[in-house]
Amino acid sequence: MKLEGKVALVTGASRGIGRAIAEELAAEGAAVIINYNGSREAAEEVAAKIQEAGGKASVIQCSVADPEAVEAMMKQIVSEYKRLDILVNNAGITKDNLILKMKEEEFEAVLDTNLKGVFHTSKHAARQMLRQKAGSIVNISSISGVMGNAGQTNYAASKAGVIGFTKSLARELASREIRVNAVAPGFIETDMTEKLPESAAEAGKSQVPFGRFGKAQEVAKAVCFLASADASYITGQVLHVDGGMGM
Ligand code: NAP
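Here's a quick rundown of the structure. Model, not experiment: these values are computed from the prediction.

1. Here's the deal with the packing of helix 1 (residues 16-27) against helix 9 (residues 216-227)
Across the interface, helix 1 lies against helix 9 with an axial gap of 8 Å and an inter-helix angle of 50°. Considered as vectors, helix 1 and helix 9 are oriented oblique to each other. Relative to helix 9, helix 1 is oriented so that their crossing is right-handed. Note on element contacts: helix 9 touches helix 1 through A216, Q217, V219, A220, K221, V223, C224 and A227, opposite G16, I17, A20, I21, E24 and L25. Taken together, the residues of the contact of helix 1 with helix 9 sort by class into ten nonpolar, two polar and two charged.

2. With respect to the site of the ligand
The full set close to the ligand counts 32 residues, and G38, S39, N90, Y155 and T190 are the nearest of them. For the ligand, an oxygen atom lies 2.7 Å from a polar atom in the backbone of G38. The separation between an oxygen atom of the ligand and a polar main-chain atom of I188 is 2.8 Å. For the ligand, the accessible surface in isolation is 890 Å², of which the surrounding protein chains cover 94%. Of all the secondary-structure elements, those providing two or more residues to the shell around the ligand are helix 1, strand 2 (31-36), helix 6 (153-173) and helix 7 (191-194). If one sorts the elements of the shell around the ligand by residue count, helix 7 sits on top with three residues. Class assignment of the residues belonging to the shell around the ligand gives a composition of 13 nonpolar, 16 polar and three charged.

3. What to know about the packing of aromatic side chains
Throughout the structure, instances matching the rule amount to one aromatic pair. With centroids separated by 5.0 Å and ring planes inclined at 10°, the aromatic side chains of F187 and F213 adopt a geometry described as stacked. In this pair, F187 sits in the loop between strand 6 (179-185) and helix 7 while F213 sits in the loop between helix 8 (198-206) and helix 9, placing the two residues 26 residues apart along the sequence. Here F187 and F213 have matching classes, each one buried.

4. Some words on the sheet that holds strand 6
Read across the open sheet, the seven strands follow the order 3-2-1-4-5-6-7; overall the sheet is parallel. Two strands lie at the open edges of the sheet, namely strand 3 (56-61) and strand 7 (238-241), each paired on one side alone. On average, each strand axis in the sheet is inclined to that of its neighbour by 20°, with strand direction left out of account. Direction of pairing for strand 2 relative to strand 3: parallel, over a ladder of six bridges.

5. Remarks on the pattern of salt bridges
Under the counting rule described, the total for this entry stands at 13 salt bridges. Among the ionic pairs, E24 bridges to K221, the shortest N-O distance being 3.2 Å. Of this pair, E24 sits in helix 1 while K221 is found in helix 9, placing the two residues 197 residues apart along the sequence. Relative accessible area serves as the criterion here: at 52%, K221 is assigned to the exposed category. Residues R83 and D85 are paired through a salt bridge, measuring 2.6 Å at the closest nitrogen-oxygen approach. On the accessibility criterion, R83 (31% relative accessible area) is partly exposed. With relative accessibility at 5%, the residue D85 sits in the buried group. In the salt-bridge network here, residues are joined through shared partners; they are R19, E23, E45 and K49.

The rules behind the values
- Residues numbered from 1 in each chain as written.
- Predicted model: local features only at pLDDT ≥ 70, side-chain atom pairs only at ≥ 80, totals over all residues.
- Heavy atoms only, no water.
- Axes fitted to C-alpha atoms, helices over the stretch in contact; angles between N-to-C directions.
- Helix = DSSP H or I, 4+ residues; strand = E, 2+ residues; numbered from the N terminus.
- Parallel < 35°, antiparallel > 145°, perpendicular 65-115°, else oblique.
- Left-handed = near helix turned anticlockwise from the far one by under 90°.
- Contact = heavy atoms within 4.5 Å.
- Nonpolar A, V, L, I, M, F, W, Y, C, P; charged D, E, K, R; others polar.
- Near = heavy atom within 4 Å.
- Polar contact = N/O pair within 3.5 Å; in protein donor to acceptor, adjacent residues only side chain to side chain.
- Areas by Shrake-Rupley, 256 points an atom, 1.4 Å probe, with all protein chains shown as cover.
- Phe/Tyr/Trp six-rings, centres within 6.5 Å; stacked < 30°, edge-to-face > 60°.
- Buried < 20%, exposed > 50% of the residue type's maximum accessible area, 1.4 Å probe, protein only.
- Pairing = 2+ DSSP bridges.
- Salt bridge = Lys/Arg side-chain N within 4 Å of Asp/Glu carboxyl O.

This is the structure in structure tokens:
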């Protein structure tokens, strides 16, 4: 197993892509901390499934948008586990609207969770990883942050921000070989894409050279690779997992 003895925090791991990432990291031997915001039962179910399969998992509630709550979460993790080897910044939301209808609160809420959330967790993780002189951070961006998407000025700005953040932090931490990378998924089958109107889903599919949406597990495999020593000479990169959409 690739990640035996490692401790991993996955934000927003109660559902969708985060859940698949938590399961994949645990299957590779990591002790996984499953962060959630509101879906307690779902998060506990993920942990139970991992434990039933012989893996290690615990759950922790915290909104990544709340800097004080994140500080408390990170302190608790370091005090319980004594280390943090892998941080996957996956928690994310959408509040789509065309620019003329986009409310201030919609723009702010998306930036607060998707971009500032990454800053909050990474700041504390970086401190611990610098102490350990080892660690890997994987940020979940999006094809929207690379190509843009009508109706998603807030979301695309947050996800493009995550890419700039990733490259800057990768440069800051490179001297200690702490790696920071991003994954940019295309359309993936989760609750987030389930919300799309039929016409938008069909239009989305038509832009994908593979002609289909991806599966959460397909993103999880890429994250697991970047988090592991298999990617030991890779930092500051954005790996597209999008069926060719962004090439
Ligand atoms: P999802 O099914 O809607 O799940 C979102 C997850 O984020 C849930 O676990 C949710 O926790 C958590 N979350 C939301 N706000 C949070 C907060 N403030 N603090 C902590 N956790 C929070 O979404 P998904 O499709 O799996 O997306 C996961 C990531 O991939 C997101 O960053 C998304 O932008 C990105 N992405 C998705 C797609 C796609 O097509 N699905 C494509 C590109 C990128 P609760 O359930 O507890 O609220």
